[in-house]
Amino acid sequence: MTQEVLIYSSSRELNNSAAGFIVDASKKAIAARGRFTIALAGGSTPKTTYQTLAQAPFARSIDWERTFVFMSDERCVLFDDERSNYGMAREALLSHIPIPDANLLPIPTGQGSPDQVAEQYAKILSDFFGTALTDAPPAFDLILLGLGDDGHTASLFPGYPTLQETERWVTASPPGTLPPPVDRVTFTFPLINAARAVLMLVAGENKAAPVRDVLGGGAAVQERPAAGVQPTGKLVWMLDTKAAGSVKAARL
Ligand code: 6PG
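All values derive from a computational prediction rather than experimental measurement. (Residues numbered from 1 in each chain as written. Predicted model: local features only at pLDDT ≥ 70, side-chain atom pairs only at ≥ 80, totals over all residues. Heavy atoms only, no water.)

1. Some points on the overall build of the chain
Thinking step 1. Counting its secondary structure elements, the chain contains seven helices and eleven strands.
Thinking step 2. Compactness check: the chain gives a C-alpha radius of gyration of 17 Å against a globular reference of 18 Å for 252 residues, within 12% of the reference.
Thinking step 3. Its C-alpha atoms give the chain principal-axis dimensions of roughly 45 × 40 × 35 Å.
Thinking step 4. Counting only residues that meet the buried cut, the chain has 56% of its 252 residues in that class.
Thinking step 5. Looking at the chain alone, contacts between residues at least 24 apart form 76% of all its contacts between residues at least 6 apart.
Thinking step 6. Total accessible area on the chain is roughly 10700 Å²; 51% of this is exposed by carbon and sulfur atoms.
Thinking step 7. One way to put it: in the chain the 22 positive side-chain charges average out to a point 7 Å from where the 26 negative ones average out. (Helix = DSSP H or I, 4+ residues; strand = E, 2+ residues; numbered from the N terminus. Rg over C-alpha atoms; globule rule 2.2 N^0.38 Å. Buried < 20%, exposed > 50% of the residue type's maximum accessible area, 1.4 Å probe, protein only. Contact = heavy atoms within 4.5 Å. Areas by Shrake-Rupley, 256 points an atom, 1.4 Å probe, with all protein chains shown as cover. Lys, Arg positive; Asp, Glu negative; His and termini not counted. Charge placed at Lys NZ, Arg CZ, Asp CG, Glu CD.)

Here it is as structure tokens:
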């Protein structure tokens, strides 16, 4: 894994840089493999990145016909519920771009229990990538993630058994300690860490403590789950100065 920590003095700069990073990743993936597979995150920082990506010059720089959009975690609510991550992504980005419906592969909430939904999503991934569920997880070109105040990422919460998952690609996750208290479905570390690139989008002073613990080194995954994000490919943290606190920009 290579890791880069980038720090921006405003959320505008962070969002522009993140949108540019996504455009670059799409171009490289399409040039190399003919398609771009991206998993989106929920959360307020990713949302502002999606709003930026939906605008010029970014939106027209991506070949949406060859882009396939997934979700790295979801709350078990219907898409038009305000707590839905996919609903948020649709409103901020997907409804503004010329992407074919067939390229949208959200977590199919509303189709059974959280465990059943997790199983169905794993099957959707398996069919899409042509990888058997018993094989190593497929490599997304890019997975976007946020960071919670408690150090959670995706729906991988401190102290939860989901952190120890070594086989399944997708799992149900009980409600976290943060509101809203709804069941969730989430990518697991094996799937996240198989990615070619992971982009962590983090803004705000309430993130300074988890950022310090994770990037300062030594944080236990059980306490700060984001410490478990160690992809095969590249890990890029984009922080605003408030979230960065005393952490310095670095390329490792
Ligand atoms: C969710 C998210 C979650 C989020 C972080 C950061 O469903 O809640 O996917 O992992 O990305 O909690 O969210 P904020 O940027 O809103 O703090």
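2. Digging into the packing of aromatic side chains
Thinking step 1. Summed over all chains, the structure comprises ten aromatic pairs.
Thinking step 2. On the basis of an interplanar angle of 55 degrees and a centroid distance of 5.1 Å, the ring pair of Phe68 and Phe128 is categorised as tilted. With a gap of 60 residues between them, Phe68 in strand β3 (residues 67-71) and Phe128 in helix α4 (residues 114-129) connect regions that are remote in the sequence. Each member of the pair, Phe68 together with Phe128, is buried.
Thinking step 3. Measuring from ring centre to ring centre gives 5.1 Å for Phe70 and Phe128, while their planes differ by 75 degrees; the resulting arrangement is edge-to-face. Linking Phe70 in strand β3 with Phe128 in helix α4, this pair joins segments that are 58 residues apart in sequence. (Phe/Tyr/Trp six-rings, centres within 6.5 Å; stacked < 30°, edge-to-face > 60°.)

3. Quick look at the site of the ligand
Thinking step 1. Gly42, Ser44, Asp73, Ala154 and Lys207 are the nearest of the 16 residues found near the ligand.
Thinking step 2. One of the backbone N or O atoms of Ser44 is found 2.6 Å from an oxygen atom in the ligand.
Thinking step 3. In isolation the ligand has 420 Å² of accessible area, and contact with the protein removes 88% of it.
Thinking step 4. Among the secondary structure elements, those contributing two or more residues to the shell around the ligand are α2 (44-53) and β4 (73-75).
Thinking step 5. Looking at the shell around the ligand residue by residue, the class counts come to three nonpolar, nine polar and four charged. (Near = heavy atom within 4 Å. Polar contact = N/O pair within 3.5 Å; in protein donor to acceptor, adjacent residues only side chain to side chain. Nonpolar A, V, L, I, M, F, W, Y, C, P; charged D, E, K, R; others polar.)

4. Describing α4
Thinking step 1. If you check α4, its first and last C-alpha atoms are 22 Å apart, about what 16 residues at 1.5 Å a residue would give, namely 22 Å.
Thinking step 2. Looking at α4, one finds that the buried residues are Val117, Ala118, Tyr121, Ala122, Leu125, Ser126, Phe128 and Phe129.
Thinking step 3. Summarising the contacts, the buried residues of α4 are in contact with β2 (36-40), β3, β5 (104-105), β7 (170-173), β8 (184-187) and α5 (189-192).
Thinking step 4. Among the residues trailing α4, Gly130 stands out with phi positive, at a value near 70 degrees. (Expected span 1.5 Å × (residues − 1).)

5. Section: the packing of helix α1 (residues 11-33) against α2
Thinking step 1. As a packed pair, α1 and α2 sit with axes 9 Å apart at the nearest point and diverge in direction by 65 degrees. One way to sum up the angle between α1 and α2 is to call them roughly perpendicular. With respect to the hand of their crossing, α1 and α2 are arranged in right-handed fashion. Along the contact surface, α1 presents Leu14, Asn15, Asn16, Ala18, Ala19, Ile22 and Val23, while α2 presents Thr45, Thr48, Thr49, Thr52 and Leu53.
Thinking step 2. Classifying every residue of the contact of α1 with α2 by side-chain character gives six nonpolar, six polar and no charged. (Axes fitted to C-alpha atoms, helices over the stretch in contact; angles between N-to-C directions. Parallel < 35°, antiparallel > 145°, perpendicular 65-115°, else oblique. Left-handed = near helix turned anticlockwise from the far one by under 90°.)

6. Quick look at the pattern of salt bridges
Thinking step 1. With the rule as written, the count across this model stands at ten salt bridges.
Thinking step 2. Linking Asp81 and Arg83 is a salt bridge whose minimum nitrogen-to-oxygen distance equals 2.9 Å.
Thinking step 3. Overall, the relative accessible area of 30% leaves Arg83 in the partly exposed class.
Thinking step 4. The salt bridge involving Arg196 is made with Asp141; its shortest N-O contact spans 3.0 Å. Linking Arg196 in the loop between α5 and β9 (197-202) with Asp141 in the loop between α4 and β6 (142-145), this pair joins segments that are 55 residues apart in sequence.
Thinking step 5. Each member of the salt-bridge network shares a partner with another, and the members are Arg33, Asp141 and Arg196. (Salt bridge = Lys/Arg side-chain N within 4 Å of Asp/Glu carboxyl O.)

Keep in mind that these numbers describe shape and distance, not what the molecule does.
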